[in-house]
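# Structure assessment
Single-letter residue listing:
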Amino acid sequence: MKFLKLIITIWLSALPQLIYTQPSDSNLERKTSKFEPTEGKYLFFIGQDMGAIGGLDNYANGYCDNFDVPTGFTLYTNVRNQGIKTIFNWGAGDNCAQCILEDSDFKNSLVSIGLSLVNDEKEVANGKRDSYIKELGMWIKSLGKRPVFLRIGYEFDGWEWNHYNKRHYLKAWKRIYTIFNEMNVTNVALVWQSKGSGSNQGILEKWYPGDDLVDWCGYSYFGNPDEEMLTFARKHKKPVFIAEAAPVFEEGNLYFDTRFTNPKIAETAWTKWFVPFLETLHHNSDVIKAFGYINANWSAQSMWKTNPVFKKVDSRIQASDFISRKWEKEMAKPKYLKPNAKLWQRLHKHP
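Residues numbered from 1 in each chain as written. Predicted model: local features only at pLDDT ≥ 70, side-chain atom pairs only at ≥ 80, totals over all residues. Heavy atoms only, no water.

### Digging into unusual backbone geometry
- Between G47 and the following residue, Q48, the backbone shows a cis peptide bond with an omega angle of 10°.
- Following the sequence through the fold, Q48 ends up in the loop between β1 (43–47) and α2 (50–53).
- Unusually for a residue other than glycine, N119 sits at a positive phi of about 70°.
- Along the chain, N119 falls in the loop between β5 (110–116) and α4 (121–125).
- The exposure class assigned to N119 is exposed, which follows from its relative accessible area of 57%. (Helix = DSSP H or I, 4+ residues; strand = E, 2+ residues; numbered from the N terminus. Buried < 20%, exposed > 50% of the residue type's maximum accessible area, 1.4 Å probe, protein only.)

What follows is the structure, encoded as structure tokens:
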């Protein structure tokens, strides 16, 4: 009896603290960001070249020839705006954003553009590329209310392939932001994208342009991504865009065959990559609000033929009947938003 009284006394003494303790900053409700859907809903983008996307007169063996057109599509450009209005190929498939938008199948599609700053971040930072930035801003603005996600200097921490200078990178980001702001380009959301592994919170903080200059955080999801960006995004109260995703099987520095044309590999890919990927989306629905899948035969593209990571990758979903059936069933769920005339209006505008 004395023991019970002691327990009650301790509990009562702690009660005021339990009642009045304020939540930490990380638990406070964050403001909705630009073009962010409601929790539990996802924007789904397909990429990362016209052949991979499909659904076009001259590109009729891609994702959109086998499945419903998703929320949006992903393509790439550089500071000179190659691949925006005319077809351009860096060795990883044809890119032409305007060509896709002129096709009626994509009349309601959202756009995700990866803007490379490689070898140009210093010139952008110093204003020597302003004419190109303004040209890009005018093109985005010409799309009216169509939401555009611009990933400036995507995979900024990809030291081995992007080799960005941090000071120039951050200054270039701010200059692009300022130019777009002065031009009143309101239909663009700026996405800050990490490579998805190996950068701790300290590194991310040092490379972060700032809360006022970034709309979304993003990262790539290939082999073994970590959750550093998810932690960072929650801390900075930003939504997350998994901007580039495709199965890559790796163990240490060894990379294994990931070509879906092999039925056994396809089944393994579903179990060991797709299921964990979908679980990552659903377990982090408070911050992850968009993802882009790369539906390409990497192994057939000249850019990747000698690349140790992607030279054995064929991530085309339609290449496997097994994956296609499961993927189609998953994507039919209402949580994956479909492109339609009302979607642009429903997505949250700038706070």
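Here the narrative resumes, following the displayed structure.
### So, the packing of aromatic side chains
- Tallying each qualifying case throughout the model produces 41 aromatic pairs.
- Considering the side-chain rings of W298 and F310, the 4.0 Å spacing of their centres and the 10° angle between planes classify their relative orientation as stacked. One end of the pair, W298, is in the loop between β13 (288–294) and β14 (313–314); the other, F310, is in the loop between β13 and β14, with 12 residues separating them in the sequence. Considered together, W298 and F310 belong to a single accessibility category, that of buried residues.
- Over the aromatic face of Y154 sits the side chain of R151, whose NZ or CZ is 5.4 Å from the ring centroid. (Phe/Tyr/Trp six-rings, centres within 6.5 Å; stacked < 30°, edge-to-face > 60°. Lys NZ or Arg CZ within 6 Å of the ring centre and 35° of its normal.)

### Remarks on the sheet that holds strand β8 (residues 216–221)
- An order of β1-β2-β5-β6-β7-β8-β9-β13 is seen for the eight strands of this closed barrel, with the pairing classed as parallel. Here the strands of the sheet are splayed against their neighbours by 30° on average, with no regard to which way each runs.
- Two elements, β1 and strand β2 (residues 72–78), share two bridges in a ladder whose sense is parallel. Residue pairing for β2: I46 is matched across the bridge by F73. (Pairing = 2+ DSSP bridges. Axes fitted to C-alpha atoms, helices over the stretch in contact; angles between N-to-C directions.)

### Quick word on the nonpolar core
- Ranked by size, the top nonpolar core spans 80 residues in total, and within it L117, F180, W192 and F291 carry the most contacts.
- Broken down by element, the residue count for this core peaks at eight residues, all from helix α10 (residues 263–283).
- Ranked by size, the runner-up nonpolar core spans 15 residues in total, among them F45, A189, L337 and W344. (Core = buried A, V, L, I, M, F, W, Y, C linked by side-chain atoms within 4.5 Å.)

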